[in-house]
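Now for the letters of each chain:
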Amino acid sequence: ELKVEQNPLFLSMQEGKNYTIYCNYSTTSDRLYWYRQDPGKSLESLFVLLSNGAVKQEGRLMASLDTKARLSTLHITAAVHDLSATYFCAYSKGGGSQGNLIFGKGTKLSVKP
Amino acid sequence: DTGVSQNPRHKITKRGQNVTFRCDPISEHNRLYWYRQTLGQGPEFLTYFQNEAQLEKSRLLSDRFSAERPKGSFSTLEIQRTEQGDSAMYLCASSLWEDVNEKLFFGSGTQLSVL
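Along each chain, residue indices are assigned from 1 in the same order as the chain's sequence is written. Lettering for chains starts from A, numbering for ligands starts from 1, and both go in the order in which the items are written. With the structure being a predicted model, the display of local features is reserved for residues of pLDDT at least 70 and the display and counting of side-chain atom pairs for 80 or more, all residues being used for whole-chain, interface and lining totals. The side-chain figures draw on all heavy atoms in the structure; neither hydrogens nor water molecules are used.

Enquirer: I'd like to hear about the sheet that holds strand 1 (residues 4–7) of chain A, residue by residue, with values.
Expert: Residues and elements named next belong to chain A. A pair of strands is treated as paired once DSSP finds two or more bridges between them. Runs of H or I in DSSP of at least four residues are treated as helices and runs of E of at least two as strands, each being numbered from the N terminus. The strand order across the open sheet formed by five strands is 1-3-8-7-6, and the pairing between neighbours is antiparallel. Each of the sheet's edge strands pairs with one partner strand only, and the pair in question is strand 1 and strand 6 (55–58). Pairwise comparison of adjacent strand axes, ignoring direction, gives a mean angle of 15 degrees for this sheet. Only the stretch in contact is used when a helix axis is fitted, and all axes are lines through C-alpha atoms; the angle between N-to-C directions ranges over 0 to 180 degrees.

In structure tokens, the structure reads:
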């Protein structure tokens, strides 16, 4: 079965703190995506990770990929309120359609002052 | 606005009626995807087109669902004889096949409510 497990599903954190969201996926894949979704809005692409050991950083967010462990992490450094959103990881089934993505249920992040 | 555009934003219909949604992708993108998202869940893949050819359909796409992409530009998703279980956000995304990352750009979605 193709599936993605994210944890935690809900995360409440204080501004200035660090935390990590974990994403485990069930089959081998050559790419892993992280998306952000604000309430009532569409998905915004954050990172595309293409190989084992890949690490990408944008502002306070850093994503990494371990294909052997089938694990990706999204690390949040010194959280600010603007990061409050739902974060999804997704992996590609690959083959002819890299865009056929299997999404996790999302991690709802709330950053409080 | 050069993003992915979806219309309508909201659709309320009665059970048994037919509905049609439209998606206009980013103009140079040759791949177009339809996803469905229910409350508290991640998006689920429905189908995708490369240019005008529909190349893959999910098992979620029952016979009541049909999608088209004439001329490889905009796409429509039609649901016939709607059921309450069809209530969801329908998301369209587009991408450029030649992009090694194949980053998907999502539209704002059409929220369907079946009464």
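Moving on from the model shown.
Enquirer: Which residues make up the environment of B:R69, and what values do they have?
Expert: Residues and elements named next belong to chain B. Residue position: R69 is located in the loop between strand 7 (65–68) and strand 8 (75–79). Each residue is assigned to one of three classes by its accessible area relative to the maximum for its type, calculated with a 1.4 Å probe on protein chains only: buried under 20%, partly exposed between the two thresholds, exposed over 50%. Looking at R69, the relative accessible area reads 2%, which means it is buried. C-alpha separation for the pair R69 and N51, spaced 18 residues apart in sequence, amounts to 7.5 Å. When residues no more than four places from it in sequence are discounted, the contact partners of R69 are P25, H29, N30, R31, L32, F49, Q50, N51, E52, F74 and S75. Here the side chain of R69 touches S73 through a polar contact of 2.8 Å, landing on its backbone oxygen. In what follows, a contact means two residues having at least one pair of non-hydrogen atoms within 4.5 Å. Side-chain atoms alone can form a polar contact between residues adjacent in sequence; in general such a contact is a pair of N or O atoms within 3.5 Å, and within protein one must be able to donate a hydrogen while the other accepts it.

Enquirer: Talk me through the sheet that holds strand 7 of chain B; I want residue IDs and the actual numbers.
Expert: Residue and element names in this part refer to chain B. Strand order in the open sheet formed by four strands is 1-3-8-7, and the pairing between neighbours is antiparallel. The open sheet has two edge strands, strand 1 (5–7) and strand 7, and neither has a second partner. Within the sheet, the average angular offset between the axes of one strand and its neighbour, ignoring direction, is 15 degrees. Sheet topology note: the strand 7/strand 8 ladder contains four bridges and is antiparallel. Counterpart to A67 in the pairing with strand 8 is L77.

Enquirer: Please give an account of the packing of aromatic side chains that cites residues and values.
Expert: For Phe, Tyr and Trp, where Trp contributes only its six-membered ring, two rings pair if their centres lie within 6.5 Å, and the inter-plane angle classes them as stacked under 30 degrees, edge-to-face over 60, or tilted in between. Applying the stated criterion to the full structure yields 11 aromatic pairs over all chains. Relative to B:F106, the ring of A:F103 lies with its centre 6.4 Å away and its plane at 75 degrees, an arrangement referred to as edge-to-face. You can see A:F103 sitting in strand 10 (residues 101–103) and its partner B:F106 sitting in strand 10 (residues 105–106), one on each of two chains. Owing to a relative accessible area of 10%, A:F103 belongs among the buried residues under this scheme. Judged by centre distance (5.2 Å) and plane angle (15 degrees), the ring pair of B:Y33 and B:Y48 falls under stacked. Taken together, the residues B:Y33 in strand 4 (residues 31–37) and B:Y48 in strand 5 (residues 44–50) connect sequence positions 15 residues apart. The pair formed by B:Y33 and B:Y48 is uniform in burial state, with each residue classed as buried. Taken together, the ring pairs in this structure connect A:Y33, A:Y35, A:F88, A:F103, B:Y35, B:F45 and B:F106 into an aromatic cluster. B:R22 extends its terminal NZ or CZ atom over the ring of B:F74, reaching a point 3.9 Å from the ring centre. By the criterion adopted, a ring carries a charge over it if an Arg CZ or a Lys NZ lies within 6 Å of its centre and within 35 degrees of its normal.

Enquirer: So what's going on with the pairing of strand 3 (residues 19–25) of chain A? Residues and values would help.
Expert: Residue and element names in this part refer to chain A. Alignment of strand 1 against strand 3, held across four bridges, turns out to be antiparallel. In the strand pairing of strand 3, N7 is matched with Y22. As paired strands, strand 3 and strand 8 (residues 71–76) are joined by six bridges and run antiparallel to one another. Looking across to strand 8, one finds that N24 is bridged to L71.

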